[in-house]
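# What the coordinates show
Here are the chains, one letter per residue:
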Amino acid sequence: MTLKLIKTESETPSINSILDKLNESQQKAVTSIEGPVLIIAGAGSGKTRALTHRIAYMIDQGIRPENILALTFTNKAAEEMSLRIASLVPQNAVTRIWSGTFHSIFARILRIEAESIGYTRSFSIYDTDDSSNAIKDIIRNLGISTQQYTPQAIRGKISSAKNQMLTWDKYTDVYTTSNDRTIADIYKEYEENLKRSNAMDFDDLLLNMIRILRNDMATLKKYQERFKYLLVDEYQDTNRPQYLVCKMLAEAHKNICVVGDDAQSIYKWRGADIKNILDFQKDYDNPTIIRLEQNYRSTKNILSAADSVIKNNRKQISKDLWTDNPDGDKIRLVECIDEIDEAEFIIKTINSKISNENISAKNFAVLYRTNAQSLAFENSCRKHKTPYIIVGGMSFYKRKEVKDVYSYLKFICNPKDNESLVRIINEPPRGIGQQTLSSVRSFAKNEKSSIYEAFQKIDSITDLASRGKNSIKAFTDFINEILVIKSKTEPREFATQFIEKTGLLQMYKEIDTEDSIDRWNNVQQVLSDIATFFRMEPDKDLEDYLQQVTLISDIDEKDINRDQIKLMTIHSAKGLEFPVVFIAGLEKGLFPFARTESIRDEEEEERRLFYVAITRAMENLYLTYATRRMRFGEYNYQNPSKFISEIDPKLIDMKAKPTQQSIVQPRSKLHGGNPYRPKADNYSQVFSDDSYSQMPENELKLKSGDRVKHSVFGPGKIESISGTPHNLQATVYFQTVGRKKLMLQYAKLEKI
DNA sequence: GACCTCGGATTATCT
DNA sequence: ATCCGAGGTC
């Protein structure tokens, strides 16, 4: 090893200069190629840099690119990685490296190996919606009311069972109520349903990968030999199936390098097990352990703030993250009236920095806890003509017409795909409605076949009106015609022709409302997206394209480097950095997210999430919260997040917003018992629909958490306050009568 | 079967 | 506020 290193350094100046730019630990991370390696990498410690340089170094050492498998967790991380590898390694090598998310790499392998587990290589991947729809149908067929069991909730339970590798027949061993027995039944049906549809859901991509590797030794050996060198990013976020695949693949050569930071583990809810990183030393003999503790990203103030927050977690590996960077500005904490005011403040602040301080838009990121929060920012950006991009939001793909186009394509690739078929069969209307479809469905279920297979035997379905039969025959004729075209047309050309023939575009054109013009445009956009894909990847087929679309959620991904501000959830922001970061919505109930407060482990995960958010910032960090926020069409009044108070007060600068004259709240008031009383400011007068300043003062003297007394119900505790400013309601928990929702105007609650 | 209206439930986070 | 399903009418 050492000899090799010296030789390389003298011969290839490029590697030499690359190593020169790295600190000692990073160099060690780059050059420790053989055997198990554990890299504990603090936030901003140049982890991606070390990983990518490591790959460049490996290739320089003569390791063949196709023997390298680099796995990441999210698409964002995968993309960042590929981009940076590309700048270090010759192009012909880059494309030979296997690098991507667990799901996309596994899907790629599964296409090759599909037949050995009873799938065809054209299997569909069901996204969350497809799964929920399939489950909804199952629930209906089992005659269970959808009230008690929402499809989405069940999908979640089944998914987490799968993440724990709990099969349907073992489900009731762990979960034992009668509800759970019903869930197990649905789970079973769901699995059969997927099988019949030649489809896998997201979790199956991981589980089936395990099946393939366990299936026979030859296959396992094949992939062990192909992937002689494994790199796993964000190892703290791997769940059980992901962990097992890594273990199996690394078994032969033990060349596995994992990188992680326990403080940034934020996917426990998806089955991630922090033990995987903590137990690495048990799993692999005598690993090289490297700690990256110098932070290159953030100012001292930002790093200290992050540190003061994460200190409140009990469970963690102790780490000494330090930086040579300057102190920098204090952290700005800003109170806003509502989500509109918050968005206006943030976007206006960004705009003024863009024009006055000459910082370009791409340097700004607005981070939030939930996707729903993006709307207000989007509106403000549009209003002020600020270029923006919502990263990772599914908005485009969730549109009906877009999903329909993909369903058409998915169906034609995999005619067994029931969910796609159901979506498109009557879109545009073909006279095949619920009635017709449900008799075919039950026929198909009896035959243990897919719906489309049942279409082939349409004449044997007795309880079907001839009108329905004729419509179905017309549809199968249409599909057969399309299948012929597919076999002799290039994918790109085929997609365009096919969608043209479906009549979707025609339908939108004929309707000719503003809405349908949008839809028409969106379909066109999908078609041009397809064209772009095949221009870039001429050797791939439609299945490859659809797989990519299903596993990547953002069509604007390619625009990520444009000069525009970034709006995203904190989960999406993981692994990224920005000069100026805004963390919005720091309110109780929102962040930390409701429900999690009472559960210590979950609260710790929320805190790690806040830690991740803070450490995205390089130079400036803004924290904002709103005193009321629209939810379910009603305002909710909340106190600031407890996380704010965990930041060392010395690091915080709480000022009024630029146009506000009078609010400078001392920190002590933030979490004290004083009722908070906001004042009107220019933002609210201009942008809020109802003027907050006119709110009768006395109604806000109460807030959630207060103990109150009611003339009839006696003492109680306010759980939440909601409603419109002129019609406020409090949800109060009384010892005598339990939970009551009262109108403050009339209830005459007395504070005690 | 298509279209309408009404009522209820719904909101984490990613693949 | 908005999306979805149920139930009614044409």
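Data block above holds the structure.
Attention here is on the structure that accompanies the text. Along each chain, residues carry numbers from 1 onward, in the same order as the chain's sequence is written. As they are written, the chains are lettered A onward and the ligands numbered 1 onward, keeping that order. Where local features are concerned, this predicted model is filtered to residues with pLDDT of at least 70; where side-chain atom pairs are given and counted, the filter is 80 or more; whole-chain, interface and lining totals use all residues. As a rule here, side-chain values cover all heavy atoms of the structure and leave hydrogens and water aside.

Looking along the chain, the bond that leaves Glu427 and enters Pro428 is cis, with omega of 0°. Only DSSP runs of H or I reaching four residues or more are called helices, and only runs of E reaching two or more are called strands; each is numbered from the N terminus. By the element assignment, Pro428 lies in the loop between helix H22 (418–424) and helix H23 (434–447). The linkage connecting Phe591 with the following residue, Pro592, adopts the cis geometry, with an omega of 5°. Considering the arrangement of structural elements, one finds Pro592 in the loop between strand S15 (578–583) and helix H31 (600–614).

In this section: the environment of Pro65. Secondary-structure assignment places Pro65 in the loop between helix H4 (47–60) and strand S2 (68–72). Judged by its relative accessible area of 6%, Pro65 is buried. Sequence-wise, Pro65 and Ile55 are ten residues apart; in three dimensions their C-alpha atoms are separated by 8.6 Å. The contact partners of Pro65, leaving out residues within four places of it in the chain, are Ile59, Ala93, Arg96, Ile97 and Trp98. Accessible area is worked out with a 1.4 Å probe on protein chains only. A residue is then buried under 20% of its type maximum, exposed over 50%, and partly exposed in between. Only heavy atoms enter the contact rule, under which two residues are in contact if any of them lie within 4.5 Å.

A separate point is the sheet that holds strand S6 (residues 229–232). Two strands in a sheet stick together by hydrogen bonds in their backbones, pointing the same way (parallel) or opposite ways (antiparallel). Here six strands make up an open sheet; going across it, the order is S3-S2-S6-S7-S1-S8 and the pairing parallel. The open sheet has two edge strands, strand S3 (98–101) and strand S8 (288–292), and neither has a second partner. Here the strands of the sheet are splayed against their neighbours by 15° on average, with no regard to which way each runs. By the bridge criterion, four bridges tie S2 to S3 in an arrangement that is parallel. Note on S3: the bridge partner recorded for Ala70 is Ser99. Simply put, an axis is a line fit to the C-alpha atoms, just over the touching stretch for a helix, and the angle between two N-to-C directions goes from 0 to 180 degrees. Taken strand by strand, helix H7 (residues 102–113) contacts S2, S3 and S6, and its axis lies near 120° from that of S3. For two strands to count as paired, DSSP must find a minimum of two bridges between them.

Looking now at the protein's contact with DNA strand C. Around DNA strand C lies a shell formed by Lys136, Phe632 and Gly633. Sugar and phosphate atoms represent 38% of those atoms of DNA strand C found within 4 Å of the protein. Nitrogen and oxygen atoms within 3.5 Å of one another constitute a polar contact, given that in protein one can donate a hydrogen and the other can accept it, and given that sequence-neighbouring residues count only through two side-chain atoms. Taking Lys136, its side chain carries an N or O atom lying 2.4 Å from a phosphate oxygen of DNA strand C. Here a residue is considered near a molecule or strand provided that any single heavy atom belonging to it is located within 4 Å of it.

Before going further, it helps to spend a moment on the sheet that holds strand S14 (residues 565–569). Ordered by their spatial adjacency, seven strands build an open sheet running S13-S14-S12-S15-S16-S11-S19, and the pairing between neighbours is parallel. Edge strands, defined here as strands with exactly one partner in the open sheet, are strand S13 (388–390) and strand S19 (652–654). Within this sheet the neighbouring strands show an average axis-to-axis angle of 25°, counted without direction. The pairing of strand S12 (residues 364–368) with S14 spans four bridges and is parallel. The residue of S14 that forms the bridge with Val366 is Leu567. Relative to strand S16 (residues 617–626), helix H18 (residues 339–356) is tilted by about 155°, and along the sheet it contacts strand S11 (331–336), S12, S14, S15 and S16. Most of the contacts of helix H19 (residues 374–384) go to S13, to which it runs at about 160°, and overall it touches S12, S13 and S14.

Where strand S17 (residues 628–631) lies against strand S18 (residues 634–637), four bridges are found, and the strand directions are antiparallel. Counterpart to Arg631 in the pairing with S18 is Glu634. Here S17 hands over to S18 after two residues, with Phe632 in that stretch at a positive phi of 50°.

What follows covers the packing of aromatic side chains. Centre distance within 6.5 Å is the pairing criterion for rings of Phe, Tyr and Trp, where only the six-membered ring of Trp is used; planes under 30 degrees apart are then read as stacked, over 60 as edge-to-face, and the remainder as tilted. On inspection of all chains with the given rule, the structure shows 27 aromatic pairs. Considering the side-chain rings of Tyr171 and Tyr187, the 6.1 Å spacing of their centres and the 90° angle between planes classify their relative orientation as edge-to-face. With a gap of 16 residues between them, Tyr171 in helix H10 (residues 168–174) and Tyr187 in helix H11 (residues 178–196) connect regions that are remote in the sequence. Look at Tyr171 and you get buried, because its relative accessible area is 2%. The class for Tyr187 is buried, based on a relative accessible area of 2%. An aromatic cluster of three or more residues is present, and its members are Phe73, Phe102, Phe106, Tyr267 and Trp269. Above the plane of the ring of Phe123 lies Arg111, whose end atom (NZ or CZ) is 4.2 Å from the centre. Only when the NZ of Lys or the CZ of Arg is both within 6 Å of the ring centre and within 35 degrees of the ring normal is a charge said to sit over the ring.

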